[in-house]
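# Residue-level structure breakdown
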Amino acid sequence: MIPAIQKWPEELAARYREAGYWRGETFGAMLRDRAGRFADRTAIVAGDTRWTYAELDARADAVARGFAALGFRAGERVVVQLPNVAPFFSVVFGLFRAGILPVFALPAHRSTEIEHFLTRTEARGYVITDTFEGFDYRALAAEVRAKVPALGHVIVAADDAGPFTPLAAVEKHDGPLPEGPLPSDVAFLQISGGSTGLSKLIPRTHDDYIYSLRGSNEICRMDETSVYLGALPIAHNYPMSSPGTFGTLHGGGTVVLSPSPAPDAAFPLIAREKVTITGLVPPLALVWADAARTTTHDLSSLKVLQAGGAKLTPEVARRIQAVFGPVLQQVFGMAEGLVNYTRLDDSEEVVTETQGRPISPDDELLIVDDDDRPVAPGTPGNLLTRGPYTIRQYFNEPEANARSFTPEGYYRTGDIVLLRPDGNLVVQGRAKDQINRGGEKVSAEEIEDHLLAHPGVFDAAVVSIPDPYLGERSCAFVIPRKSVPEGAGLRPLALKSWVRERGLAAFKVPDRVVFVDSFHTTAVGKVSRKDLRATLRQRLLEADAAEARAQTQEKD
Ligand code: OOB
């Protein structure tokens, strides 16, 4: 088994410890401590379930013992794919306590992604729910288990486990606890948004992640009176740690889980549980602002409404503030580490116009041109970063590591930003070949590879195009192979189904498919995929604009 490690150079690690960022605490110990201090306070609310800190702590112990009894050992990996349900926390804190690494799959992931996570991490365990939003995860598990023989245990954290093991049968309420991990050990693997091929896995340590929680809590003024609404899928890094559900537990507050981020599910919970903070992606923030105008639910407990994961335009920021008042906070972060926030006492101008500044005084930012030379102050450039909670390497990806990190250990974020004299960042664009679909990240290359696998497709290029609601959506340019029957009659819908049926998350299915005869590249072979995607995108935008003009003229 390949060990998951995350290491900083010794002198930097020493500095991060000396500065008090890394305090030698593990997640298992963190929960134990909070259970001691806040035993009877409510930790988790989900549907009719309410768990106190003492109860969550005991359940995490039972999960830790249970996985040890199944033969899982420290350092092993278990893919966890759960929606916003209470057992998410007993399972992951139980695994943390046993030193077993959860791999955080999203509920939207399907067989191809899950198979990749299982095989890449050599996971012998997979934790799912029974059904969620009409989808049966037991059928998904059966499908992947047939393809991944090393997957020994499928555990269902719900009542009807079907052919698999119910979580209740795994939990062990007595016996010795497995020996816990070290604070410098990797605690879990997060999923990268991905810009080349498949999602990479991000090893985060107890020390570094807990520091990011403590820093986030200070900025967001979290404490034991805080009530965080988990509205986005809680396995994602943003609602997990910025400050998210884990930050809330770090602070001794209450996590309230909403099965959906839609106002009709979330607003009654805000009113009933007196939610003080939640995190949304920009398109949802806009939906909330519209719904809040006419709602009968009392939303006045909300002190912080976060927008992050994708660019919030100043225009939308102002619309949100017009309805909710001065509660808006922008969050610009990445699962690889660095998180920036606007501060709660920032001016309205900073909150609406910028994506804030880093958590840590030791977050080092470089803004460089394409040759890694620093740009002139105030001009946009590629953001590179290193610091006490930003990774130095992906898990088991020698080639991607060489590309994604500089020799000095800076992570290449792929984001194009401008650093203002006041220290705040403004995200201006992206250099990486990714589509940010309202916070959900799609790698252009990954989708191109699936399109190219279609017998009727000669070539494909996937690009982002502007979308008034999502910010961006995906468009696939496809050259059909007309010499074969599969290519001659190819239709957009058929290609969309093709991608979906290859076992991919629905958000990765191209929103639009445009057939072209050729990519019109002047010097074939000389043009990079990146330039090709940019050219195609530009051409489409011009064609769309021309068509819109023609239509208005017709009306006139
Ligand atoms: C968050 O994490 P990821 O890993 O899903 O995506 C990171 C990427 C960033 O590199 C950037 O391209 C984009 O998402 N992004 C934003 C943004 N927040 C993230 N682009 C513009 N404005 C923003 N506010 O998305 C994530 C992780 C932790 C906290 C918040 C977001």
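As a reminder, the structure under discussion sits directly above these lines.
Notes on the structure follow.

Definitions and limits used
- Residues numbered from 1 in each chain as written.
- Predicted model: local features only at pLDDT ≥ 70, side-chain atom pairs only at ≥ 80, totals over all residues.
- Heavy atoms only, no water.
- 1 Å grid on protein atoms, 1.4 Å probe; cavity = no way out; pocket = protein on both sides within 12 Å on 5 of 7 lines; lining within 4 Å.
- Points joined across faces, edges and corners; volume = space filled by probe spheres on them.
- Helix = DSSP H or I, 4+ residues; strand = E, 2+ residues; numbered from the N terminus.
- Pairing = 2+ DSSP bridges.
- Near = heavy atom within 4 Å.
- Polar contact = N/O pair within 3.5 Å; in protein donor to acceptor, adjacent residues only side chain to side chain.
- Areas by Shrake-Rupley, 256 points an atom, 1.4 Å probe, with all protein chains shown as cover.
- Buried < 20%, exposed > 50% of the residue type's maximum accessible area, 1.4 Å probe, protein only.
- Axes fitted to C-alpha atoms, helices over the stretch in contact; angles between N-to-C directions.
- Parallel < 35°, antiparallel > 145°, perpendicular 65-115°, else oblique.
- Contact = heavy atoms within 4.5 Å.
- Nonpolar A, V, L, I, M, F, W, Y, C, P; charged D, E, K, R; others polar.

## Overview of the layout of surface pockets
- Within this model, the second largest pocket holds a volume of roughly 290 Å³.
- If you list the elements that add at least two residues to the lining of the second largest pocket, you get helix H4 (87–98), strand S6 (131–132) and helix H7 (167–170).

## Some remarks on the pairing of strand S24 (residues 440–443)
- Relative to S24, strand S23 (residues 434–437) is paired through four bridges, and the arrangement is antiparallel. Residue pairing across strands places Asn-436 opposite Lys-441, the latter belonging to S24.
- Count of turn residues in the S23/S24 antiparallel hairpin: two residues, of which Gly-438 carries a positive phi of about 60°.

## Observations regarding the sheet that holds strand S13 (residues 254–257)
- On the basis of which strands lie adjacent, the open sheet formed by nine strands has the order S2-S1-S13-S12-S14-S15-S16-S17-S18 and mixed pairing. The strands lining the two open edges of the sheet, one partner per strand, are strand S2 (49–52) and strand S18 (357–358).
- Bridging between strand S15 (residues 304–308) and strand S16 (residues 328–334) involves four bridges; their strand directions are parallel. Across the sheet, the residue bridging to Ala-307 is Gln-330, located in S16.

## A short note on the site of the ligand
- In the region of the ligand, 19 residues are neighbours, and His-236, Val-331, Asp-415, Lys-432 and Lys-441 sit closest.
- Between an oxygen atom of the ligand and a side-chain N or O atom of His-236, the distance comes to 2.9 Å.
- Here an oxygen atom of the ligand sits 2.8 Å away from a polar atom, N or O, in the side chain of Lys-432.
- Contact with the protein chains removes 96% of the 600 Å² of surface that the ligand exposes when unbound.
- Those elements that provide at least two residues to the shell around the ligand are helix H9 (237–241) and S16.
- A per-element tally of the shell around the ligand places S16 first, with four residues.

## A look at unusual backbone geometry
- Each neighbour pair has its own omega, and for Ser-242 with Pro-243 the value is -20°, a cis peptide bond.
- Tracing the backbone shows Pro-243 in the loop between H9 and helix H10 (244–251).
- At Lys-274, a residue that is not glycine, the phi angle is positive and equals roughly 50°.
- When you line up the elements, Lys-274 lands in the loop between helix H11 (263–273) and strand S14 (277–280).
- The exposed category is assigned to Lys-274, whose relative accessible area is 55%.

## Overview of the packing of H4 against H10
- The N-to-C vectors of H4 and H10 enclose an angle of 75°; their axes lie 13 Å apart at closest approach. Viewed along their axes, H4 and H10 adopt a mutual orientation that is roughly perpendicular. Here Phe-88, Phe-89, Val-92, Phe-93 and Phe-96 of H4 come into contact with H10, specifically with Thr-245, Phe-246 and Leu-249.
- Class assignment of the residues belonging to the contact of H4 with H10 gives a composition of seven nonpolar, one polar and no charged.

## Digging into helix H12 (residues 282–292)
- Counting buried positions over the eleven residues of H12 gives eight, a clear majority of the element.
- Taken residue by residue, H12 has Pro-282, Pro-283, Leu-284, Ala-285, Leu-286, Trp-288, Ala-289 and Ala-292 as its buried positions.
- Buried residues along H12 sit against strand S12 (227–230), H11, S14, S15 and helix H13 (314–324).

## Concerning the environment of Val-463
- Mapped onto the secondary structure, Val-463 falls in strand S25 (residues 457–467).
- In this view, Val-463 contacts Ile-435, Arg-473, Ser-474, Cys-475, Phe-477, Arg-533 and Arg-537; residues no more than four positions away in its chain are not counted.

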